Amino acid sequence: MSAATVSTALAAAGPPRSLWSDARRRLARNRAAVASAWLLALVVLVCFAAPRLPGLADPAAQDLRLGAELPTIAHPLGTDELGRDLLARVLYGGRISLLVGLVGTLVSLLVGVGWGAVAGYAGGKLDELMMRVVDVLYALPNLFLVILLMVFFSRSLLMLFVALGLVQWLTMARIVRGQVLTLKHRTFVEAARALGASDRSIVLRHIVPNTLGPVVVYATLTVPAVILQEAFLSFLGLGVQPPDASWGTLIADGARVMALFPWLVVFPGLALSLTLLAFNFMGDGLRDALDPQDGQQRR
Amino acid sequence: MTRYVARRLLLFVPALWAIATLTFFLMRLAPGGPFNAERDIPPAARAALAQKYGLDRPLAEQYATFLVHAVRLDFGPSYKFPTRSVREIILEGFPVSAELGGWALLVALLAGIPLGVIAAQRQNTASDTAVMAVALAGVSIPGFVLGPLLVLTLSLGLYWLPPALWEGPQSRVLPVLTLSAAYVAYVARLTRAGMLEVLRQDFIRTARAKGLPERVVVLQHALRLGLLPVLSYLGPAAAAIIMGSLVVEQIFAVPGLGRYLVNGAFSRDYTLVMGVVLFYAAFLMALNLLVDLAYAWFDPRVELK
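Residues numbered from 1 in each chain as written. Chains lettered and ligands numbered in written order. Predicted model: local features only at pLDDT ≥ 70, side-chain atom pairs only at ≥ 80, totals over all residues.

(A) Highlighting the overall build of chain B. Secondary structure summary: chain B contains 12 helices and 0 strands in total. Along chain B, helices (α) and strands (β) appear in the sequence α-α-α-α-α-α-α-α-α-α-α-α when read from the amino end. With the C-alpha coordinates aligned to their principal axes, the bounding extent of chain B is approximately 85 × 55 × 30 Å. For chain B, the proportion of its 305 residues judged to be buried stands at 35%. (Helix = DSSP H or I, 4+ residues; strand = E, 2+ residues; numbered from the N terminus. Buried ≥ 20, exposed ≤ 12 C-beta atoms within 10 Å, placed from the backbone.)

Next comes the structure, spelled out in structure tokens:
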């Protein structure tokens with residue numbers, strides 16, 4: 001191909017497109033994913049800004065004379081049996097739920113990417129050993145491990161972060177290792193090595209950034225998984241402990257009195273389900289947008 | 001084939017051993033003993049309790065005894081119900097949980113597979129979108145939200161079904177429905193994806209080209225391969241259903257193993273929790289082996305090595 005044809009071909013293809021700008025365009029076309037992203041942004045913003053929201057009641061302020069009441073203008077989602085404002089409780093609970101989801105995902109991200117990158121790059125016996133550990137932990141349903149940790153150690157919020165993060169990294173480690181195995185013999189890695197880059201900087205600067213696509217997709221799907229697990233544990237009384245409250249504990253409290261005050265279980269349940277649904281839509285959308293195979297089919 | 005089974009069984013033992021060891025040492029590392037929750041016990045009584053449960057022995061000896069006993073499912077007496085052994089509790093609770101889980105899995109397959117096939121056959125039509133939207137909603141509504149909602153509407157609202165307990169066939173409906181809902185959705189999604197993959201292949205085009213009716217093409221040629229993702233999902237599904245049964249048994253007061261596990265976890269009944277977790281781990285590993293064998297039988301392209 002002569003220089004002239006190359007330049008005309010380039011001109012026909014328009015400005016250079018990276019994986020990310022391509023992905024952004026594809027994502028923008030997926031209406032469900034975009035709507036979900038906006039909804040999530042709103043939920044995160046409102047929940048984390050809850051203490052500063054004007055007009056929002058104090059979630060702990062009781063009004064025993066009022067008791068449990070159906071939604072009114074003063075209390076848009078009603079009140080619980082102690083007269084506490086349910087909207088405030090749902091927003092503050094969402095703060096804990098989202099925080100657990102994000103921190104748990106972050107822990108799993110750090111451990112999983114580190115473990116997978118080291119195993120894949122080192123190869124040989126170390127790789128074998130590290131992946132055996134993953135296999136063994138895989139055999140145990142991961143919530144059992146969390147339950148064990150919550151049974152044997154104090155049930156603090158910190159312990160919950162650690163426990164949930166520690167069981168979520170396995171799939172991440174496998175994904176990253178697979179990526180690293182295919183990347184480590186590519187020419188740009190050889191080039192970096194020829195230039196005298198250390199193993200450490202090759203892994204951190206050249207390999208890990210190139211695994212980002214699948215990692216981002218999986219992390220997006222990990223957040224709802226962790227939120228769900230936290231709610232699950234809290235529902236059983238093994239997760240967030242009073243006086244802290246999350247969507248899981250609100251649902252558990254509401255379920256106990258649902259025969260009399262059904263809205264106490266319906267609204268927190270709705271908040272949790274909608275958030276999970278939005279995360280799942282967004283994760284699916286991201287996967288479609290970032291999947292290079294899909295891109296090849298379209299071209 | 002025999003060699004494959006033997007090799008898998010050989011891997012089975014070290015994995016179980018690793019899990020048992022992990023559990024044992026977690027338990028020893030944990031701050032506080034199982035008797036710390038009670039009010040202050042006189043030192044003499046505390047020593048007597050420790051002796052009775054062998055907690056005064058050297059750690060290595062406790063570990064060895066634990067491993068030997070674990071093989072026989074003998075985890076000693078429950079710490080909270082000292083008159084009952086963990087083994088008794090497992091043998092009593094497991095059949096109930098197995099019945100609940102078995103029905104839930106069956107419902108998930110019987111409802112999920114047809115839905116997935118229909119969605120795949122009508123890809124990108126309104127019915128496909130509808131099925132998939134419902135499936136995504138099903139995945140996103142957890143059992144502990146769905147369960148109370150079903151109780152509210154079907155039993156407290158319409159008086160159709162009993163809201164709790166495990167007596168008679170009617171009492172089975174709500175727990176099974178609650179437990180299976182998410183997996184109906186999952187199975188439908190997997191079936192759809194698997195069928196779409198297969199329906200695109202050449203042998204399907206050949207089958208159509210030789211004039212076979214669409215029903216035969218789909219049900220006899222495509223389904224067998226299209227169901228493979230569902231088959232390999234059975235192992236994780238069983239694990240997820242066991243976890244799900246923890247909340248479902250709690251909501252509906254079903255006297256299964258999950259309820260014992262949760263109550264044991266709540267009251268820090270170490271032996272009970274450990275016993276149930278190890279029992280379920282072994283059960284799931286055996287199940288996964290069976291699933292892998294079934295997979296090879298279903299898909300002639302897989303060679304067991």
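Having seen the structure, we can now continue with the description.
(B) Inspection of the overall build of chain A at higher detail. Tallying secondary structure elements over chain A gives 13 helices and 0 strands in all. Helices and strands appear in chain A in the N-to-C order α-α-α-α-α-α-α-α-α-α-α-α-α. Counting every position in chain A, which comprises 299 residues, the buried fraction comes to 44%.

(C) Summary view of the interface of chain B and chain A. Contact with chain B, which involves 36 residues of that partner, is made by 31 residues of chain A. The set of elements that each furnish at least two residues to the side of chain B that touches chain A consists of α1 (2–29), α5 (126–140), α6 (143–157), α10 (228–251), α11 (257–266) and α12 (270–298) of chain B. Considering each element in turn, the side of chain B that touches chain A owes the most residues, 7 residues, to α10 of chain B. A per-class count over the side of chain B that touches chain A returns 32 nonpolar, 3 polar and 1 charged. (Contact = placed C-beta atoms within 7 Å. Nonpolar A, V, L, I, M, F, W, Y, C, P; charged D, E, K, R; others polar.)

(D) Structural detail: the nonpolar core. Residues V146 and I251 of chain A together with V273 and V276 of chain B are the most contacted members of the largest nonpolar core, which totals 157 residues. Leaving out residues up to four positions away in the same chain, V276 of chain B has contacts with I90, L257, Y260 and L261 of chain B. (Core = buried A, V, L, I, M, F, W, Y, C linked by C-beta atoms within 7 Å.)

(E) Layout of the environment of L86 of chain A. Residue and element names in this part refer to chain A. Assignment of secondary structure puts L86 in helix α4 (residues 86–122). Each C-alpha atom of the pair L86 and L264 lies 7.5 Å from the other, and the pair is 178 residues apart in sequence. In contact with L86, not counting residues within four places along its chain, are H75, L77, G78, T79, D80, L264 and F267.

(F) Structural detail: unusual backbone geometry. Residue and element names in this part refer to chain B. Phi angles above zero are rare outside glycine, and A253 is one such case at about 55 degrees. Relative to the helices and strands, A253 resides in the loop between α10 and α11. Judged by C-beta crowding, with 13 C-beta atoms within 10 Å, A253 ranks as partly exposed.

(G) Broad picture of the confidence of the model for chain A. All names here are of chain A. Taken over all residues, the pLDDT of chain A has a mean of 80, while the share at 70 or more is 90%. Looking at the elements of chain A, mean pLDDT is at its lowest for helix α13 (residues 292–298), recorded as 40, and at its highest for α4, recorded as 89. Taken together, the stretch residues 293–299 has pLDDT below 50 and engages in 2 contacts with residues farther than four places along the chain or on a different chain. (pLDDT = per-residue confidence, 0-100.)

(H) Spotlight on the confidence of the model for chain B. Residues and elements named next belong to chain B. Residues at a pLDDT of 70 or more form 94% of chain B, whose mean pLDDT is 81. Looking at the elements of chain B, mean pLDDT is at its lowest for helix α2 (residues 43–52), recorded as 76, and at its highest for helix α4 (residues 86–121), recorded as 89. Interface confidence for the predicted complex, given as ipTM, is 0.77, next to a pTM of 0.80.

(I) Looking closely at helix α3 (residues 31–48) of chain A. Residue and element names in this part refer to chain A. Its 18 residues give α3 an end-to-end C-alpha distance of 26 Å, which sits within 8% of 26 Å, the value for a rise of 1.5 Å per residue. Every buried residue of α3 is listed here: A33, S36, L40 and C47. Along the axis of α3, the buried positions cluster into a sector of 65 degrees, meaning they face one direction only. Opposite its buried face, α3 presents the exposed residues R31, W38, A41, L42 and L45, each directed more than 90 degrees away. (Expected span 1.5 Å × (residues − 1). Arc of directions from axis to C-beta.)

(J) Spotlight on the environment of F203 of chain B. Tracing the sequence through the fold places F203 of chain B in helix α8 (residues 202–209). In sequence terms F203 of chain B and L49 of chain B are 154 residues apart; their C-alpha atoms lie 70 Å from each other.

(K) Structural detail: the packing of α4 of chain B against α11 of chain B. Residues and elements named next belong to chain B. Here α4 crosses α11 at 125 degrees, and the two axes come no closer than 7 Å. In terms of orientation, α4 lies oblique with respect to α11. Residues I89, I90, G93, F94 and S97 of α4 touch α11, and the partners they reach there are L257, G258 and Y260. Looking at the contact of α4 with α11 residue by residue, the class counts come to 5 nonpolar, 3 polar and no charged. (Axes fitted to C-alpha atoms, helices over the stretch in contact; angles between N-to-C directions. Parallel < 35°, antiparallel > 145°, perpendicular 65-115°, else oblique.)

(L) Focus on helix α8 (residues 187–194) of chain A. Summarising burial for α8 of chain A: 0 of the 8 residues are buried, a small minority. Following α8 of chain A by one or two positions, G196 of chain A has its phi on the positive side, about 90 degrees.

(M) Representation of the environment of L53 of chain A within the structure. You can see L53 of chain A is positioned in the loop between α3 and α4. Sequence separation between L53 of chain A and W38 of chain A is 15 residues; the distance between their C-alpha atoms is 19 Å.

(N) Structural context of the packing of helix α12 (residues 263–290) of chain A against α5 of chain B. Two numbers describe how α12 of chain A lies on α5 of chain B: the axes approach to 8 Å, and their chain directions differ by 125 degrees. Regarding the angle of α12 of chain A to α5 of chain B, the classification is oblique. Like other packed secondary-structure pairs, α12 of chain A and α5 of chain B cross with a definite hand, here right-handed. On the side of α12 of chain A, the interface is formed by S273, L276, L277, N280 and F281 of chain A, while α5 of chain B contributes L136, A137, V139 and S140 of chain B. Each residue belonging to the contact of α12 of chain A with α5 of chain B can be placed in one class, and the counts come to 6 nonpolar, 3 polar and no charged. (Left-handed = near helix turned anticlockwise from the far one by under 90°.)

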